Amino acid sequence: MNVYFHTFGCKANQYDTERVRQAFDSGGAVVVDDPALADLAVINSCTVTSESEVKLRRFVRHVAKTGCAQTIVMGCAAALDDGVIAALPGVRAVVANADPEAVLAAAGFPLSTTGRGGQGVRTRALLKIQDGCDEHCTFCATTLARGNNRSRPVEDLIEEARGLAGQHAEIVLTGVHIGTYGTDVRGASCVVRSLGQLVEALINAVPAVRFRLGSVEATEVDDTLARLLIEAPRHLAAHLHAPLQSGANRVLKRMGRHWYTAESYRARIEWLAERLPVFGLGADVIAGFPGETEDDHHASLTLLDALPFTYLHVFPFSVRPDAPAARLPGQLGPEVIRARARELREVGEAKVAAYRLRRRGQTADGVFSGRGRGKVEVLTEDYLTVYLGAEDWSGESRFAVEIN
Ligand code: SF4
């Protein structure tokens, strides 16, 4: 059986797809990169914006047109499907979440015995440390799709990281809300109850790799994590992707993001930035959230401008029916949302250019991350991509690289 995979959404989804791909692979399926050659397409869906669901439906129709006989849709949007996805052309099954056994069963494919880990020959790997989230941000339906925070046992994670370290120079710690790692763990015997403690345990057990944090809330960077970022740059990449969403406290409140304010976010980031000579810093920001005033928007622009971001991910607000934000008063028109998104992106682009200029000519800790633009692609500790000619690459997976 030829199987084609496609993933929408975040790193947690990429990780889930990888596990399903492994399960098919171990069972003897052939993974193909063209849906026209496939007997089955497995699509991992995302529900973070209504736009992602529109893209999913379009993609499923496209796959059906290319001739692929059957499609399985799994993941977050699948978990919330009320029949719309199931009715799309070619859809054989809709599988809530991404359990490999459930997907194999839905495909009528024999179960194989696969373990976690072993994610193919790449030099960056993903390690999912938890799933789910206990929060209820009003723009997010992830909680509905993925349930409450569930941390994986530290012993399992160390074992998986050891396995991955054989093939990978960098391991990215992913999940839905990784800053809450360990808060659901009960029992006096467990000594690892926070993300910082987990990262320390992983570094001690697997010192040969560079770990990188996936998206983590700025105010959930505890003292242990901060110390590791500052003192152990070979083991923990100097990079945070810390969702901000808005720089206006009244908007954060309407978003249900009660655990930080613009001031506490700023204080944590500034404290870290003062202590990290090299610091890759990114954030997600939503443009035009319902009820956002011009003043609120300017508060976001001012905060973004003031902090040492090295890139931004800007999301124009889009109504998604499952999320409470769809019912909030003060919905803004598409032109206002677009204009605000454009202004936020302009700040982001200026930050990217300024940081690159500052780092140009400096040496960084590079990890081979693939090939692109006909060149070798290298990722630095502070999340810059450097392209090298094949002749300039020694073939090592981790090496000092000059930023160009
Ligand atoms: S913290 Fe908020 S945005 Fe993030 S997964 Fe949880 S509910 Fe969604």
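Here, every reference points to the structure presented above.
Residues numbered from 1 in each chain as written. Predicted model: local features only at pLDDT ≥ 70, side-chain atom pairs only at ≥ 80, totals over all residues. Heavy atoms only, no water.

Q: What exactly am I supposed to notice about the pattern of salt bridges here?
A: A side chain with one charge may pair with a side chain of the opposite charge, provided their charged atoms come close. Applying the stated criterion to the full structure yields 23 salt bridges. The salt bridge involving Asp-16 is made with Arg-146; its shortest N-O contact spans 3.1 Å. With Asp-16 in helix 1 (residues 11–26) and Arg-146 in helix 5 (residues 142–146), this pair connects stretches of sequence that are 130 residues apart. Given the relative accessible area of 7%, Arg-146 is considered buried. Between Glu-170 and Arg-210 there is a salt bridge, and its shortest N-O distance comes to 2.7 Å. Taken together, the residues Glu-170 in strand 9 (residues 170–174) and Arg-210 in strand 10 (residues 210–213) connect sequence positions 40 residues apart. Here Glu-170 and Arg-210 have matching classes, each one buried. Salt bridges linked by common partners bring Arg-124, Glu-170, Arg-210, Arg-212, Arg-234, Asp-365 and Arg-398 together as one network. (Salt bridge = Lys/Arg side-chain N within 4 Å of Asp/Glu carboxyl O. Helix = DSSP H or I, 4+ residues; strand = E, 2+ residues; numbered from the N terminus. Buried < 20%, exposed > 50% of the residue type's maximum accessible area, 1.4 Å probe, protein only.)

Q: Explain the sheet that holds strand 9 to me, please; I cannot follow it from the model alone.
A: Through backbone hydrogen bonds, the strands of a sheet pair up, either in parallel or in antiparallel fashion. In space, the three strands of this open sheet follow the order 6-9-10, with parallel pairing throughout. The outermost strands of the open sheet, each flanked by one partner alone, are strand 6 (124–128) and strand 10. The average undirected angle you get between the axes of adjacent strands in this sheet is 30°. With four bridges joining them, strand 9 and strand 10 adopt parallel strand pairing. Counted as the bridge partner of Glu-170 is Arg-210 from strand 10. Set on the sheet, helix 6 (residues 154–165) makes contact with strand 6, strand 9 and strand 10; between it and strand 6 the angle comes to about 170°. (Pairing = 2+ DSSP bridges. Axes fitted to C-alpha atoms, helices over the stretch in contact; angles between N-to-C directions. Contact = heavy atoms within 4.5 Å.)

Q: Sorry, what's going on with helix 12 (residues 334–359) here?
A: Note on helix geometry: an α-helix contains 3.6 residues per turn, so any two residues three or four positions apart are oriented the same way. In a regular helix each residue adds 1.5 Å, so 26 residues correspond to 38 Å; helix 12 covers 37 Å between its end C-alpha atoms and thus fits that length. Listed as buried for helix 12 are Ile-337, Arg-340, Ala-341, Leu-344, Val-347, Gly-348, Lys-351, Tyr-355, Arg-356 and Arg-359. Just past helix 12, the residue Gly-361 takes up positive phi, approximately 90°. (Expected span 1.5 Å × (residues − 1).)

Q: I keep staring at the packing of helix 11 (residues 294–306) against helix 12 and nothing clicks. Help me out?
A: What describes two packed helices is the angle between their axes and the distance between those same axes. Remark: helix 11 packs on helix 12, axes separated minimally by 10 Å, with the N-to-C direction vectors making an angle of 5°. Between helix 11 and helix 12, the interaxial angle falls into the category roughly parallel. Facing helix 11, whose interface residues are Glu-294, His-297, His-298, Ser-300, Leu-301, Leu-304, Asp-305 and Ala-306, helix 12 presents Arg-340, Glu-343, Leu-344, Val-347 and Lys-351. A class-by-class count of the residues in the contact of helix 11 with helix 12 yields five nonpolar, three polar and five charged. (Parallel < 35°, antiparallel > 145°, perpendicular 65-115°, else oblique. Nonpolar A, V, L, I, M, F, W, Y, C, P; charged D, E, K, R; others polar.)

Q: How do you make sense of the site of the ligand when you look at a structure like this?
A: Near the ligand, the surroundings consist of Cys-133, Glu-135, Cys-137, Phe-139, Cys-140, Thr-143, Val-176, His-177, Arg-257 and Trp-259. Taken together, the residues of the shell around the ligand sort by class into six nonpolar, two polar and two charged. (Near = heavy atom within 4 Å.)

Q: I tried to follow the packing of aromatic side chains on my own but got confused; where do I start?
A: How two aromatic rings sit relative to each other is set out by the distance from centre to centre and by the angle between their planes. Per the stated rule, a full pass over the model turns up eight aromatic pairs. When the ring of Tyr-260 is compared with that of Tyr-265, the centres are 6.1 Å apart and the planes differ by 45°; the resulting orientation is tilted. Classification of Tyr-265 as buried rests on a relative accessible area of 1%. Measuring from ring centre to ring centre gives 5.3 Å for Phe-289 and Phe-317, while their planes differ by 75°; the resulting arrangement is edge-to-face. Of this pair, Phe-289 sits in the loop between strand 12 (280–287) and helix 11 while Phe-317 sits in the loop between strand 13 (311–316) and helix 12, placing them 28 residues apart in sequence. Overall, the relative accessible area of 0% leaves Phe-289 in the buried class. (Phe/Tyr/Trp six-rings, centres within 6.5 Å; stacked < 30°, edge-to-face > 60°.)

Q: In this structure, what is going on with the pairing of strand 16 (residues 385–388)? I would like to understand it.
A: Regular strands place side chains that alternate from one sheet face to the opposite one. Burial along strand 16 is one-sided: Val-386 and Leu-388 are buried, while Thr-385 and Tyr-387, pointing the other way, are not. Pairing between strand 15 (residues 375–379) and strand 16: four bridges, direction antiparallel. If you follow Val-376 over to strand 16, its bridge partner there is Leu-388. Turn length for the strand 15-strand 16 hairpin, with the two strands adjacent in sequence and antiparallel, is five residues, and the turn residue Tyr-383 shows positive phi of about 70°.

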